[in-house]
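Chain by chain, the residues run as shown.
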Amino acid sequence: VSDLRRIDVTHELGSTPVLVGEEALEAAQLELGPWWRDRTVFLVVSHEVDRLHGDSVRQPIAAEAARVVTLKVPDGEGAKTMVEADRLWQAMAFAGGKRDSRLITLGGGSVGDLGGFVAGTFLRGIEFVQIPTTLLAQVDASVGGKTGIDLPSMKNAVGLFVHPEAVVADSRLLSTLPEPELRAGLFEVVKMAVLLDPPLLERVEEELAHLLAGDPVRLSEIVARSVAAKARIVERDPRERDERRLLNLGHTLAHAIEAQQGYSGLRHGEAVGYGMLFAFRLACAGGLDRELASRIHRLIARIGLPPLRAVAVDGLWEAMTRDKKARQGGLVWVLPVGLGEGRMVSGIDPSAVRSHLQDFLEDPLARPENWAVEPELRI
Ligand SMILES: NC(=O)c1ccc[n+]([C@@H]2O[C@H](COP(=O)([O-])OP(=O)(O)OC[C@H]3O[C@@H](n4cnc5c(N)ncnc54)[C@H](O)[C@@H]3O)[C@@H](O)[C@H]2O)c1
């Protein structure tokens, strides 16, 4: 029995189908045949993912396309640089890319963010499809139209909103994913669940062992629920002017940690795990019920975070205030206010936040009962 699911994300230019399940690739082949037929198709893929999955994705496309040009990029965050974007633009121009050429990204969120950005800008935009191969990219990065690259000092500093023609999230692609990558993806699921879908949170709590063992059916279910939750919020606020900013829960600190570690320390999802713990600390100092904080802390601990390598409070603080989520009036925090509910909070006294950050860095995994209550935050 096929578990194929189709979730449509509507946006200003139409709608993007997200195909989820164990047969998503076959379904996509049928649906997208006319899209790539007789066209030049650029396949943007990292070395490792090409080795694992390149042939099985390339072959059916090559049978119908005029040609498939494989463009390899580094694995991981190192793909999201101006140098790589430039290399791709030039390679596509050199290979005779035209406005009606197609681009397909095959890889994690890094490859998807870079490839989407390059597709959205080459010749002022060519059509593209995302085939996410990590849990994080399937549940989050491939959905919603955000693409971009990093600057050394600022994550996701340059990019654009541009939607793919389709997203193909086939859970079989996750079968080769190393366990730490699965764990990293689960932190983004927890983020979405705690803000938007409490029953999803329960499901992750109950099924964690199966999910970490890579059970494709359960993973598909988690992906479909997360995509549906994200799709709803993206549809209401496509340009992240309001409600969509909630999805940045944990990201102000996460992006600062990543930049401070030169994008070579924690995985993005892990940085988000730490970022959520800090957001819950701030929320508790502002009066949030510790029971919810304890529940999330327990789940994050079960998923498992690697140690947070020493990062200086000054550097983090500077990186956070540079973050693009900051506004003229200072930092805007996404704070949980209850299960299934978050709020954007600005105007928190910076010295109080800094004091909590200092405490956090001394013992980032401390249990909520040991979190500092002072200084109390007025939020
Ligand atoms: N655009 C968005 O809305 C959005 C949302 C969330 C995150 N992101 C971005 O996504 C990026 C993180 O993405 P990620 O967590 O997917 O990491 P990633 O793309 O860096 O990939 C992680 C590692 O997994 C490997 N890999 C990928 N698929 C594999 C597979 N099937 N089998 C074996 N190995 C595989 C890659 O080679 C890489 O080494 C960050 O840059 C983050 O900013 C973007």
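Description of the structure in this document. (Residues numbered from 1 in each chain as written. Predicted model: local features only at pLDDT ≥ 70, side-chain atom pairs only at ≥ 80, totals over all residues. Heavy atoms only, no water.)

1. Looking at the overall build of the chain
When helices and strands are counted, the chain shows 13 helices and eleven strands. At 20 Å, the chain has a C-alpha radius of gyration in line with the 21 Å of a compact globule built from 379 residues. Along the first, second and third principal axes, the C-alpha set of the chain runs to 65 × 45 × 35 Å. When burial is assessed residue by residue, the chain has 56% of its 379 residues classed as buried. Long-range contacts, defined as pairs at least 24 residues apart, comprise 76% of the intrachain contacts of the chain with a sequence gap of at least 6. Summing over all exposed atoms, the chain offers an accessible surface of approximately 15,500 Å²; the carbon and sulfur share of this is 50%. One finds the centroid of the 44 positive side-chain charges in the chain at a distance of 4 Å from the centroid of its 53 negative side-chain charges. (Helix = DSSP H or I, 4+ residues; strand = E, 2+ residues; numbered from the N terminus. Rg over C-alpha atoms; globule rule 2.2 N^0.38 Å. Buried < 20%, exposed > 50% of the residue type's maximum accessible area, 1.4 Å probe, protein only. Contact = heavy atoms within 4.5 Å. Areas by Shrake-Rupley, 256 points an atom, 1.4 Å probe, with all protein chains shown as cover. Lys, Arg positive; Asp, Glu negative; His and termini not counted. Charge placed at Lys NZ, Arg CZ, Asp CG, Glu CD.)

2. Structural notes on the sheet that holds strand β3 (residues 40-46)
Read from one edge of the open sheet, seven strands run β1-β2-β9-β6-β5-β3-β4, paired in mixed fashion. The sheet terminates laterally at β1 (5-11) and β4 (67-73), the two strands that pair on one side only. The sheet shows a mean angle of 15° between the axes of neighbouring strands, taken without regard to direction. Helix α1 (residues 24-36) rests against β1, β2 (14-21), β3, β5 (102-107), β6 (128-132) and β9 (166-170) of the sheet, and its axis sits at about 155° to β9. Sheet contacts for helix α4 (residues 109-121): β3, β4, β5 and β6; angle to β5, the most-contacted strand, approximately 165°. (Pairing = 2+ DSSP bridges. Axes fitted to C-alpha atoms, helices over the stretch in contact; angles between N-to-C directions.)

3. Some points on unusual backbone geometry
Residue P375 is bonded to the preceding E374 through a cis peptide linkage, with omega at -15°. Of note, R124 is a non-glycine position whose phi angle comes to about 65°, a positive value. Mapped onto the fold, R124 is located in the loop between α4 and β6. Exposure remark for R124: the relative accessible area of 78% places this residue in the exposed category. The residue Y263 is not glycine, and still its phi comes out positive at about 55°. Secondary-structure assignment places Y263 in the loop between α9 (251-260) and α10 (268-285).

4. A short note on the packing of helix α6 (residues 179-196) against helix α11 (residues 290-303)
Two elements in contact, α6 and α11, have axes separated by 10 Å at closest approach and are oriented at 165°. By the angle between their axes, α6 is roughly antiparallel relative to α11. Considering the relative orientation of α6 and α11, their crossing is right-handed. Within the contact between the two elements, α6 uses R183, L186, F187, V190 and V194 and α11 uses I296, L299, I300, R302 and I303. (Parallel < 35°, antiparallel > 145°, perpendicular 65-115°, else oblique. Left-handed = near helix turned anticlockwise from the far one by under 90°.)

5. What about the site of the ligand?
The ligand sits among 29 residues. The nearest are D75, E77, T133, T134 and T176. Taking K80, its side chain carries an N or O atom lying 2.8 Å from an oxygen atom of the ligand. At a separation of 2.8 Å, an oxygen atom of the ligand approaches a polar side-chain atom of S110. Look at the ligand: alone it shows 870 Å² of surface, and the protein chains cover 89% of it. Those elements that place two or more of their residues in the shell around the ligand are α2 (47-62), α4, α5 (135-141), β8 (154-161) and α6. The leading source of residues in the shell around the ligand is α2, at four residues. (Near = heavy atom within 4 Å. Polar contact = N/O pair within 3.5 Å; in protein donor to acceptor, adjacent residues only side chain to side chain.)

6. A look at the nonpolar core
Counting residues in hydrophobic clusters, the biggest one holds 83 residues, and the most contacted among them are L135, L186, V204, W333 and L357. By residue number, the principal contributor to this core is α10, which donates twelve residues. (Core = buried A, V, L, I, M, F, W, Y, C linked by side-chain atoms within 4.5 Å.)

7. Considering the packing of aromatic side chains
Following the criterion strictly, the structure yields four aromatic pairs and no others. Ring geometry for Y274 against F360: centres 6.4 Å apart, planes inclined by 80°, an arrangement best described as edge-to-face. Here F360 lies in helix α13 (residues 350-362) and Y274 lies in helix α10, a separation of 86 residues in the sequence. Accessibility expressed as a relative area gives 1% for Y274, which makes it buried. For F360, a relative accessible area of 0% gives the class buried. The interplanar angle of 55° and the centroid separation of 5.3 Å between the aromatic rings of F278 and F360 together place this pair among those described as tilted. Taken as a pair, F278 in helix α10 and F360 in helix α13 lie far apart in primary sequence, 82 residues in all. For F278, a relative accessible area of 0% gives the class buried. (Phe/Tyr/Trp six-rings, centres within 6.5 Å; stacked < 30°, edge-to-face > 60°.)

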